Amino acid sequence: MIFRYQQPLRHYIKSNKGRRVNTRTFHKQYSSSLDASRLVAADIVPFWQQLGVAVTTIDQMELCLVELVNNVFEHAYANNEGSLFDISSYLNATKQLTIEISDYGNTMTPQTLTDLANADFIEPVADDPSTWLQSSRGLKIVKQLADTFEYTTTANKNTFRLLKASVANGKA
């Protein structure tokens, strides 16, 4: 696995009341693969726990992260292993958990996100292979669990950005 690890950074930002608030940022680069989502989750969940993110928020955002990392592998990189993608996460000034997943592959069409609002959630049925096909199921889950779900593309970089309110000290 090729990755660049950056120790969580200490950043100071000014709150609305002019006080300095100490924040830390997780940033790591991963190589795309079928196993990448598990590796990312294993790295980032302890970081979120150290930040005091609520357990329910961690569970929900871990699911979102897994869905989006799998989306990067399947769609941005067409199931090709070895392409790099970045994960960043931190608590912003309003204590929202911020997660950014950036890739350098194929972009998602604006129509995909527009259609997402009206797409039916097709639950897979074991005896019906037609229900196993890609159906934007993962993106629909992400959109429902995140408070904010954004997708941007600039030059050769595509970024999913999620925001989720969190209660400190692991309390739901």
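As a starting point, this report considers the structure included with it. (Residues numbered from 1 in each chain as written. Predicted model: local features only at pLDDT ≥ 70, side-chain atom pairs only at ≥ 80, totals over all residues. Heavy atoms only, no water.)

Quick look at the pairing of strand β4 (residues 96–103) now. Most of β4 sits inside the fold, with six of its eight residues counted as buried. Bridge analysis of strand β3 (residues 84–91) against β4 gives seven bridges, and the strand direction is antiparallel. Counterpart to tyrosine 90 in the pairing with β4 is threonine 98. As consecutive antiparallel partners, β3 and β4 are separated by four residues, and within that stretch lysine 95 has a phi angle of approximately 65 degrees, a positive value. Here eight bridges tie β4 to strand β6 (residues 157–165), and the two strands are oriented antiparallel to one another. Residue glutamine 96 lies in a different strand from β6, and its bridge partner there is alanine 165. (Buried < 20%, exposed > 50% of the residue type's maximum accessible area, 1.4 Å probe, protein only. Helix = DSSP H or I, 4+ residues; strand = E, 2+ residues; numbered from the N terminus. Pairing = 2+ DSSP bridges.)

All right, on to the nonpolar core then. With 33 residues, the main nonpolar core has Trp48, Leu65, Phe85 and Ile87 as its most contacted residues. Once you skip the residues sitting within four places of it in the chain, tryptophan 48 turns out to touch Val53, Ile58, Met61, Glu62, Leu65, Ser89, Leu97 and Ile99. (Core = buried A, V, L, I, M, F, W, Y, C linked by side-chain atoms within 4.5 Å. Contact = heavy atoms within 4.5 Å.)

Let's shift gears to the packing of aromatic side chains. Under the counting rule described, the total for this entry stands at four aromatic pairs. A ring pair is formed by phenylalanine 26 and phenylalanine 47, whose centres lie 5.6 Å apart and whose planes are at 50 degrees; its orientation type is tilted. Note that phenylalanine 26 is positioned in strand β2 (residues 20–31) and phenylalanine 47 in helix α1 (residues 36–51), a separation of 21 residues in sequence. With respect to burial, phenylalanine 26 and phenylalanine 47 carry one shared label: buried. With centroids separated by 5.7 Å and ring planes inclined at 20 degrees, the aromatic side chains of tyrosine 30 and phenylalanine 85 adopt a geometry described as stacked. One end of the pair, tyrosine 30, is in strand β2; the other, phenylalanine 85, is in strand β3, and 55 residues separate them in sequence. For the pair shown, tyrosine 30 and phenylalanine 85 are each scored as buried. By the ring-pair criterion, three or more aromatic residues cluster together here, those being Phe149, Tyr151 and Phe160. (Phe/Tyr/Trp six-rings, centres within 6.5 Å; stacked < 30°, edge-to-face > 60°.)

This brings us to the packing of α1 against helix α2 (residues 55–76). Where α1 meets α2, the axes come as close as 9 Å, and the angle between the chain directions of the two elements is 150 degrees. Regarding the angle of α1 to α2, the classification is roughly antiparallel. The two elements α1 and α2 meet at a crossing, and its hand is right-handed. Contacts between α1 and α2 involve Ala36, Ser37, Val40, Ala41, Ile44, Val45, Trp48 and Gln49 on the former and, on the latter, Ile58, Met61, Glu62, Leu65, Val66, Val69 and Asn70. Residue classes in the contact of α1 with α2 are distributed as eleven nonpolar, three polar and one charged. (Axes fitted to C-alpha atoms, helices over the stretch in contact; angles between N-to-C directions. Parallel < 35°, antiparallel > 145°, perpendicular 65-115°, else oblique. Left-handed = near helix turned anticlockwise from the far one by under 90°. Nonpolar A, V, L, I, M, F, W, Y, C, P; charged D, E, K, R; others polar.)

Moving on: unusual backbone geometry. Phi is positive for alanine 78, which is not a glycine, with a value near 50 degrees. Within the secondary structure, alanine 78 sits in the loop between α2 and β3. The class for alanine 78 is partly exposed, based on a relative accessible area of 43%. Positive phi, close to 50 degrees, is recorded for alanine 155, a residue that is not glycine. Looking at the element boundaries, alanine 155 is found in the loop between β5 (148–154) and β6. Alanine 155 sits in the exposed class, given a relative accessible area of 79%.

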